[in-house]
Amino acid sequence: MKVAEAVGRALYTAGVGQVFGVVGSGNFHLTNAMIAAGSRFVAARHEGGAATMADAYARTSGTVAALSVHQGPGLTNAMTGIAEAAKSRTPLLVLAAEVTEPRSNFHIDQEALARAVDAVPLRITSGEHAVEQACEAVGRAVHERRTVLLNVPLTVQSLDVPEGALARAAPPRVREAVEPTPGDVAALVRVLEQAQRPLFVAGRGARSPGARAALEMLADRYGALLATSAVARGLFHGNPWSLDVSGGFASPLTAELIEAADLIVGWGCALNMWTMRHGRLIGPGTTVVQVDDDASALGAHRDVRLGVTGDVELTARRAAQTGGATARRGYRTAATAEAITARVRWRDVPYEDTGSRERIDPRTLSIALDDLLPAERVIGVDSGNFMGHPSMYLSVPDENGLCFTQAFQAIGLGLATAIGAALARPDRLPVAALGDGGAMMGAAEFDTVRRLGLPMVVVVYNDDAYGAEVHHFGPDGHPLTTVEFPPTDIAAVARGHGFEAVTVRTRTDLKAVEDWVAGPRSAPLLIDAKVTRDQGSWWLEEAFRGH
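Throughout what follows, the structure given in this document is the object of discussion. Every chain is numbered on its own, with residues counted from 1 as its sequence reads. Restriction of local features to residues with pLDDT of at least 70 applies here, the model being predicted, together with a cutoff of 80 or more for giving and counting side-chain atom pairs; totals for whole chains, interfaces and linings are based on all residues. Processing note: side-chain calculations cover all non-hydrogen atoms of the structure and skip hydrogens and water entirely.

**A closer look at the overall build of the chain**
Here is step 1 of the chain: Each helix is a run of H or I in the DSSP string that is no shorter than four residues. Each strand is a run of E no shorter than two, and both are numbered from the N terminus. Within the chain one finds 22 helices and 18 strands.
Here is step 2 of the chain: Its C-alpha radius of gyration of 24 Å places the chain within 12% of the 24 Å reference for a compact globule of 547 residues.
Here is step 3 of the chain: Along the three orthogonal principal directions, the C-alpha set of the chain runs to about 70 × 65 × 45 Å.
Here is step 4 of the chain: Counting all 547 residues of the chain, 59% fall into the buried class.
Here is step 5 of the chain: A 1.4 Å probe and the Shrake-Rupley method give the accessible areas. Residues count as covered only by the protein chains that appear here. Summing over all exposed atoms, the chain offers an accessible surface of approximately 21,200 Å²; the carbon and sulfur share of this is 51%.
Here is step 6 of the chain: Positive: Lys, Arg. Negative: Asp, Glu. His and the chain ends are not part of the count. Note on charges: their place is set at NZ of Lys, CZ of Arg, CG of Asp or CD of Glu. Here the chain contributes 51 positive and 61 negative side-chain charges, whose respective centroids are spaced 3 Å apart. Only C-alpha atoms enter the radius of gyration, while the globule expectation follows 2.2 Å times N to the 0.38, with N the number of residues. Partly exposed residues are those whose accessible area sits between 20% and 50% of the maximum for their type, while under 20% is buried and over 50% is exposed, using a 1.4 Å probe and protein chains only.

Quick look at the structure:
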């Protein structure tokens, strides 16, 4: 057996059941070996799309996924998606063929590329060690929650593997939850007992039903309000004390209540500039605590009074067991409850509809879609001026309802994000929310949606521009010709790929969406929504503060 086949089979045995990619000569045998072993392969039209599909699949499924690419340009084509995955600490395995001859036109320093985006570079070096090295790559992706680039040199792929080597292939050991120290738990309980207005903010490290239950139990004990970072949106869906998302996406009431908290506890949450609005959501006398199973994350973005190294669910349960049995009112007053019920959702915030016969207000569009589309949904969102509207106006059923690939803030990842999430959650309606810029960047993957038979809704917030730059530079009188475009019939582009499509300018045009939802949904639907261009999104100023 050759190395290419042995590595492919070993990776499947190690738990890599889903692979995305674009196949060329260098990764042909390796990819086919994974398929033969039992992995599902999804062919994308561009390596950049394949990378983000794999990233989104891993995030939504909670399993390690793989990306398979050709040497050289296959890898460079995928680098934006790989950078997003690496910045988000997604357990992702990138399988890249590699040439080692400097005179080859495919030769680049692939290891340096990986390090440049904070991915972990590894390499298959011999037939004798190929199986172990492949399994090590999976293990590091899972245990360290890292994106790993496994280079597979062409000269090594054709080597023989010793007989019986595959018997050494095995899944990585289960990643054990980090137990907090009793001293840290006791310190956390003391801080909770002193708080009058406690607030919990849950992030990526709290995205599980077990963590939700533990955090809600502890919050009930101390009267804490509940919020999430954007990537954990939906974790507390249905809880009457949930404020939804903290940070730049926060509604006015959510921001007001967070600013007034005297204790903020970040649970598996970085409390970074986005989640805390560059620290402006933290009051001058507010105590800040952070709980994370990675000690290096504690205090990385802001000073904390107490940092607890521990798994979110375990730490919350230990704190509940250690603290007193009497529940405290804390922040949960009748006035707070009334305000949350009436004003915490963005759709409940009054606004002046700026739509016309030619363009629909994105708030009006988003509220209408939230009512029309089934509640059991999984949403992938692109980056851009529009992104706050689908991210906050479209509700999600739980922490797996929104796949938010925004760590790198790259435009063009949204459609591929929705594809990967859709494959991880085939029980839900997939919704891709894109701007016109991102839709055109990722348009090659319209073919992938149709080819896979995904009953997807693609919503394009079309303002014929890169709206973020228009609203950032336009008020100062700068010329905008570089960021504005002639009107494009994106609905026609989608029909060319086999979609049903509708152009929406007013609320009444959404009747076609209602009809599609009613069935049979035999083809995906694209909504080319001509949205108003008169103002930037509320979160836009926050975004540009971070540049």
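**A few points about the packing of helix 1 (residues 3-13) against helix 7 (residues 130-143)**
Here is step 1 of the chain: Following both chains from N to C, one finds helix 1 and helix 7 inclined at 40°, their axes separated by 9 Å at the closest point. By the criterion of interaxial angle, the relationship of helix 1 to helix 7 is oblique. The interaxial crossing formed by helix 1 with helix 7 has right-handed handedness. In contact with V3, A6, V7, A10 and L11 of helix 1, helix 7 contributes A130, V131, A134, C135 and V138. Working convention: axes come from line fits to C-alpha atoms, limited for helices to the stretch in contact. Angles between N-to-C directions cover 0 to 180 degrees. What sets the label is the angle itself: under 35 degrees gives roughly parallel, over 145 gives roughly antiparallel, 65 to 115 gives roughly perpendicular, and the rest give oblique. Here is the rule for handedness: rotate from the far helix to the near one, and if that takes an anticlockwise turn smaller than a right angle the crossing is left-handed, while a clockwise turn gives right-handed. Pairs of residues are marked as contacts when any of their non-hydrogen atoms sit within 4.5 Å.

**Topic: the pairing of strand 3 (residues 65-69)**
Here is step 1 of the chain: Within strand 3, five of the five residues are buried, leaving the element largely enclosed by the surrounding structure.
Here is step 2 of the chain: A two-sided burial pattern is seen for strand 3, the buried positions comprising A65, L67 and V69 on one face and A66 and S68 on the other.
Here is step 3 of the chain: Pairing between two strands is assigned when DSSP locates at least 2 bridges connecting them. Both strand 1 (residues 18-21) and strand 3 contribute to a ladder of three bridges, which runs parallel. Paired with G21 across the bridge in strand 3 is S68.
Here is step 4 of the chain: Across five bridges, the pairing between strand 3 and strand 4 (residues 92-98) is parallel. Following the sheet pairing, A66 is matched in strand 4 by L93.

**Details of the sheet that holds strand 3**
Here is step 1 of the chain: The sheet built from six strands is open, its strands ordered 2-1-3-4-6-5 with parallel pairing. The outermost strands of the open sheet, each flanked by one partner alone, are strand 2 (40-43) and strand 5 (120-123). Each neighbouring strand pair of the sheet contributes to a mean axis angle of 25°, computed without reference to strand direction.
Here is step 2 of the chain: By the bridge criterion, four bridges tie strand 5 to strand 6 (residues 147-153) in an arrangement that is parallel. Bridge assignment links L122 to a residue of strand 6, and that residue is L150.

**Concerning unusual backbone geometry**
Here is step 1 of the chain: Cis geometry is found at the peptide bond from G519 to P520, where omega equals 10°.
Here is step 2 of the chain: Here P520 is to be found in the loop between helix 21 (511-518) and strand 18 (525-530).
Here is step 3 of the chain: Here L271, not a glycine, exhibits a phi torsion of approximately 55°, which is positive.
Here is step 4 of the chain: Phi angles above zero are rare outside glycine, and D464 is one such case at about 55°.
Here is step 5 of the chain: If you trace the backbone, D464 turns up in the loop between strand 16 (457-462) and helix 19 (467-473).
Here is step 6 of the chain: For D464, a relative accessible area of 5% gives the class buried.

**Notes on the pattern of salt bridges**
Here is step 1 of the chain: Each salt bridge in this description consists of a side-chain nitrogen of Lys or Arg and a carboxyl oxygen of Asp or Glu lying within 4 Å of one another. A full pass over the atoms with the stated rule returns 33 salt bridges.
Here is step 2 of the chain: With a closest N to O distance of 3.4 Å, D118 and R146 form a salt bridge. Taken together, the residues D118 in the loop between helix 6 (110-116) and strand 5 and R146 in the loop between helix 7 and strand 6 connect sequence positions 28 residues apart.
Here is step 3 of the chain: R175 is the partner of D293 in a salt bridge, and the nearest nitrogen-oxygen pair spans 3.2 Å. Here R175 lies in the loop between helix 8 (154-157) and helix 9 (182-194) and D293 lies in the loop between strand 11 (287-292) and strand 12 (306-309), a separation of 118 residues in the sequence.
Here is step 4 of the chain: On the basis of relative accessibility, which here comes to 17%, the residue D293 falls in the buried class.
Here is step 5 of the chain: In this structure R175 comes out as partly exposed when scored by relative accessible area, which is 31%.

**Observations regarding the nonpolar core**
Here is step 1 of the chain: By size, the foremost hydrophobic cluster in this structure holds 49 residues, and its most contacted members are L67, I82, L415, M456, V458 and L526.
Here is step 2 of the chain: For this core, the element with the highest residue contribution is helix 16 (residues 414-424), accounting for seven residues.
Here is step 3 of the chain: With sequence-adjacent residues up to four places away left out, V458 is seen in contact with L415, A432, L434, F446, F499, L525, L526 and I527.
Here is step 4 of the chain: Buried Ala, Val, Leu, Ile, Met, Phe, Trp, Tyr and Cys residues that are joined via side-chain atoms within 4.5 Å together make up what is termed a nonpolar core. With 39 residues, the next largest nonpolar core counts F249, L402, F404 and Y461 among its residues.

**Some points on helix 13 (residues 334-343)**
Here is step 1 of the chain: The complete set of buried residues in helix 13 reads T336, A339 and I340. Buried positions in helix 13, seen along its axis, are confined to an arc of 100° and lie on one side of it. Exposed positions of helix 13 whose direction lies more than 90 degrees from the buried face are A334, E338 and T341.
Here is step 2 of the chain: Check the buried side of helix 13 and you find it contacts strand 8 (225-228), strand 9 (242-245) and helix 11 (252-259). Here, the arc refers to the directions that run from the helix axis to the C-beta atoms.

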